[in-house]
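Here is what each chain is made of, one letter per residue.
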Amino acid sequence: MKGGNTTMAKSMEQLMELIEKMPDEAAKPGEFILPELMAIQIAHTVRNDDIVFAGTGLPMVGIMTANFINAPNALLIYESGICDGKTMHVPMSVCDQRAANMSSTLGGLVDTFGYYLQNGYVTLGFLGGAAIDKYGGVNVTSIGDYYNPGHRFTGSGGNSDIGTMAHRVAYIILQEKRRFIERNDYTTTPGWWCWDFKTNEWKPKKEVWKGTAYANSGPVAVVTNMGNYAFDEKGEIYLKSFHPGVTVEQIKENCGFNLNVSRVEGETKKPTYKELFVLREFVDPELIFLPQKVEYPASIQKLING
Amino acid sequence: MPRLRTQTKKAQIMSLEEACKAFMHDGAMVAWSGFTGFNRNPFAFAWQTVRQGVKDLHVIDRHGSCCTWLLNAAGAIKIYETNWMGWGEMAGKLDVNLERRYKKGEMILEDYSHGATAMRALAGAIGAPFIPYNAPLGSDLYNPKYDALGKAGLRDGKNPRIPKKKFIQMEEPFWGEGETVLLPAMRPELAVIHVAQCGDKGTARWRGVGTIDKEISFAAEKVVILAEEVVPESEMRKLPEGNQIPYFVVDAIVECPWGAFPSSVPFYYDYDAPFMREMDKISRNLDDQKKWLDEWVYGPKSWEEFIVKLGAKRLLDLKADSVTGYSTRMMRGKKPAPRMKMPLSVAMSGY
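Residues numbered from 1 in each chain as written. Chains lettered and ligands numbered in written order. Predicted model: local features only at pLDDT ≥ 70, side-chain atom pairs only at ≥ 80, totals over all residues. Heavy atoms only, no water.

In this model, F261 of chain B is joined to P262 of chain B through a cis peptide bond whose omega is 0°. The topology assignment puts P262 of chain B in the loop between β12 (252-255) and α9 (273-283). Although it is not a glycine, N200 of chain A adopts a positive phi angle of roughly 60°. Its location among the elements puts N200 of chain A in the loop between β12 (193-196) and β13 (201-204). Given a relative accessible area of 57%, N200 of chain A falls into the exposed group. A positive phi angle, close to 60°, is found at W258 of chain B, a residue other than glycine. In this fold, W258 of chain B is placed in the loop between β12 and α9. (Helix = DSSP H or I, 4+ residues; strand = E, 2+ residues; numbered from the N terminus. Buried < 20%, exposed > 50% of the residue type's maximum accessible area, 1.4 Å probe, protein only.)

Below you can see the structure in the form of structure tokens.
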């Protein structure tokens, strides 16, 4: 048996006490890395009374972080059939037994997509995407001609279901000019504007989905490596905050359409030492999703050493 | 249409080789159990399928998995009706063999979504011809232009397992709830299901998530169960609520310990992330892949020899602990797993 993680030589009780002692003040630039900042932005999207349906990867890390900090009662659904898993070790997949730990019930996809999602219980969906349009429509299928793609991605998975039937939907996407675009080559998950294939018109989602229970459900937030985004009354994306070290000009340069920056509130709130401590020691201490462990500043390390 | 049966099936206990010979053939339409590359993939059966040289399979499934990875590596899939063509998430999200073959026009790919696939399997399981679903209107998944099987001329009704349409969008007729989508039932020829325990009559049980394994078992015409353990049927009857598959749908039972490796069987063993990362790595170079297939697929004389080749150390590290159902000894990331007694969320929410 490999010995325990040296940073985790402390008992659960000691670590819990340490969380209490960790300052709520914002960490300084250089004391955290971008994936940590992004995971914590995801966490802040979660409310304590949310029923969250999240995809694998950073969304899962983010909602686990939320479950450990700001939203301990948020109920997490994982698509393979897990209802309210209470994870100790970060799962690598939504079907990982780690995600099923201490869950309320275990079922299958008919439970999660039918009983929970289609039936209207899911309040927040958190998903990834390969490309996004200005109305929050997401492509995880293909670039170029669908039948002869320049690049083929994995395909919908649960993206299109969760992204349209959860009340609020948030995405995490790598921001590049070719990924933030006016119109997707292939829309896997429609945003606030989409095609009506019956009439062949590009229309507001509210009209296409009129009469269904989900007409007002859709994207509310996007987190990228450069900033946080929200959607206006017309369903158009706008910049809400820019991450530390990134300028609004750089963000505009990495956007394939004329981005609305008139409502920007300022710099993204930096993660606190407490949030970083929980993320590093409890959520992903195995460094599965986080690329590296950043050293704590001396004052924090002194607290940890006791 | 639903197959009316006049008598119960009698499940046969078979070896892996016998079951694969009896139920797999070129062009078969097959669904595999589990979820992504991580949970209860009947990998041994896919492995044997490739060894027997079966080709032109029509895989209808929720997901890419270790099984579809191997079948694609061997070029055994002709039609792939799925919704996620990755296979191992963190191990290698995109199946590069699949992408390679698809771009060369060697296979047909029909896209659905998880929810749609689950509903299609449910319809198949309950003998319904189709099922309404609030599938994402405005998604190109339901763009009439994008119907790969239709484009290939395979929706002409000649193949009884391929529906004549990918979907139908219609006005919801009972409640006036806008537009809805009808999805055709899934009716595979064969479901291959890896479980923890199976009674010698066929009653089967898994622990952990169920994905759509019960649904595909009922939707399929034939069902092969691979089990970590085959136990006396009477043992399975002591906790019937823990069982998911009744014996009367099962055609064959194969006892196949470690048969889901490198995916996991909760409470038996964990998934082998490093092994899956290696599979992904070698698939990016055809020479490396050939060597790997020769070593791991065509080399061993039997599945038992494959497992023995893995070595006792690896199996020890993967062995699940009886409390959590997974292993904390396996190196999944860059650091070992910490010992934890309780999830922090439970400690913080107070129950």
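So, next bit.
What follows covers the interface of chain A and chain B. The partner chain B presents 88 residues to the 86 residues of chain A that form the contact. Buried area between chain A and chain B, summed over both chains or domains, comes out near 7400 Å², and the portion from carbon and sulfur atoms is 62%. On the chain A side of the contact with chain B, M92, Y147 and F197 of chain A bury the most area, a combined 11% of that side's loss. Among the salt bridges present, the one from E179 of chain B reaches K198 of chain A, with a minimum N-O distance of 3.0 Å. Counting across the chain A and chain B interface gives 41 residue pairs in polar contact (both at pLDDT 80 or more). (Contact = heavy atoms within 4.5 Å. Buried area = accessible area lost by both parts, 1.4 Å probe. Salt bridge = Lys/Arg side-chain N within 4 Å of Asp/Glu carboxyl O. Polar contact = N/O pair within 3.5 Å; in protein donor to acceptor, adjacent residues only side chain to side chain.)

As a further point, take the pattern of salt bridges. Enumeration according to the criterion identifies 40 salt bridges over all chains in this entry. The salt bridge partner of R101 of chain B is E106 of chain B, with a shortest N-O separation of 3.3 Å. Given the relative accessible area of 32%, E106 of chain B is considered partly exposed. In this structure, the salt-bridge partner of E235 of chain B is K238 of chain B, at a minimum N-O distance of 2.8 Å. One connected set of salt bridges, linked through shared partners, spans D96, R98 and E286 of chain A together with D270 and R332 of chain B.

In this section: the sheet that holds strand β7 (residues 168-171) of chain B. Residue and element names in this part refer to chain B. Spatially, three strands are ordered β6-β8-β7 in an open sheet, and the strand pairing comes out antiparallel. This sheet does not close on itself; its edge strands, each paired only once, are β6 (130-133) and β7. When the angles between neighbouring strand axes are averaged without regard to direction, this sheet yields 35°. Sheet analysis places β6 next to strand β8 (residues 179-184), joined by four bridges and oriented antiparallel. Bridging from a neighbouring strand, P132 pairs with L182 of β8. (Pairing = 2+ DSSP bridges. Axes fitted to C-alpha atoms, helices over the stretch in contact; angles between N-to-C directions.)

All names here are of chain B. Inspection of the entire model under this criterion finds zero disulfides over all chains. In this structure C20 is not part of a disulfide, and its nearest cysteine sulfur, from C256, lies 11 Å away. Unpaired in terms of disulfides, C198 finds its nearest cysteine sulfur in C256, a separation of 13 Å. (Disulfide = S-S within 2.5 Å.)

With 209 residues, the main nonpolar core has F282 of chain A together with W32, F45, L183, W292, W303 and F306 of chain B as its most contacted residues. Excluding residues that lie within four positions of it along the chain, F306 of chain B makes contacts with F43, W47, F261, F275, W296 and P300 of chain B. (Core = buried A, V, L, I, M, F, W, Y, C linked by side-chain atoms within 4.5 Å.)

Right, let's talk about the side chain of S264 of chain B for a bit. Residues and elements named next belong to chain B. Its location among the elements puts S264 in the loop between β12 and α9. A polar contact is formed between the side chain of S264 and the backbone oxygen of F38, at a distance of 2.8 Å. Setting aside chain neighbours within four positions, we find S264 in contact with F38, N39, R40, Y269, D270 and Y271.

Bringing helix α3 (residues 58-68) of chain A into the picture now. Taking burial as the measure, the 11 residues of α3 of chain A include 11 buried ones, the bulk of the element. Among all positions of α3 of chain A, only L58, P59, M60, V61, G62, I63, M64, T65, A66, N67 and F68 of chain A are buried.

Another point: the confidence of the model for chain B. Of the residues in chain B, 99% have a pLDDT of 70 or more, and the chain-wide mean is 95. Predicted complex metrics record ipTM = 0.96 and pTM = 0.96. (pLDDT = per-residue confidence, 0-100.)

Our focus in this paragraph is the pairing of β13 of chain A. Residues and elements named next belong to chain A. When β12 meets β13, the two strands line up antiparallel, connected through four bridges. Within β13, the residue paired with W195 across the bridge is W202. Turn length for the β12-β13 hairpin, with the two strands adjacent in sequence and antiparallel, is four residues, and the turn residue N200 shows positive phi of about 60°.

Another aspect to go through is the packing of helix α2 (residues 34-45) of chain A against helix α9 (residues 273-283) of chain A. All names here are of chain A. Where α2 meets α9, the closest approach of the two axes is 11 Å, and the angle between their N-to-C directions is 105°. The pairing of α2 with α9 is recorded here as roughly perpendicular in orientation. Packed against α2, whose contacting residues are E36, A39, I40 and H44, the element α9 presents E275, L276, L279 and R280 at the interface. Of the residues that constitute the contact of α2 with α9, the class distribution is four nonpolar, one polar and three charged. (Parallel < 35°, antiparallel > 145°, perpendicular 65-115°, else oblique. Nonpolar A, V, L, I, M, F, W, Y, C, P; charged D, E, K, R; others polar.)

Next up on the list: the environment of K134 of chain A. Residue and element names in this part refer to chain A. Mapped onto the elements, K134 comes out in the loop between β6 (131-133) and β7 (138-139). Along the sequence, K134 and Y229 sit 95 residues apart, while their C-alpha atoms lie 11 Å from each other. With residues up to four places along the chain from it excluded, the contact list for K134 reads I181, E182, F231, G235, E236, I237 and F257. In this structure the side chain of K134 is engaged in a polar contact, spanning 3.5 Å, whose partner is the side chain of E182.

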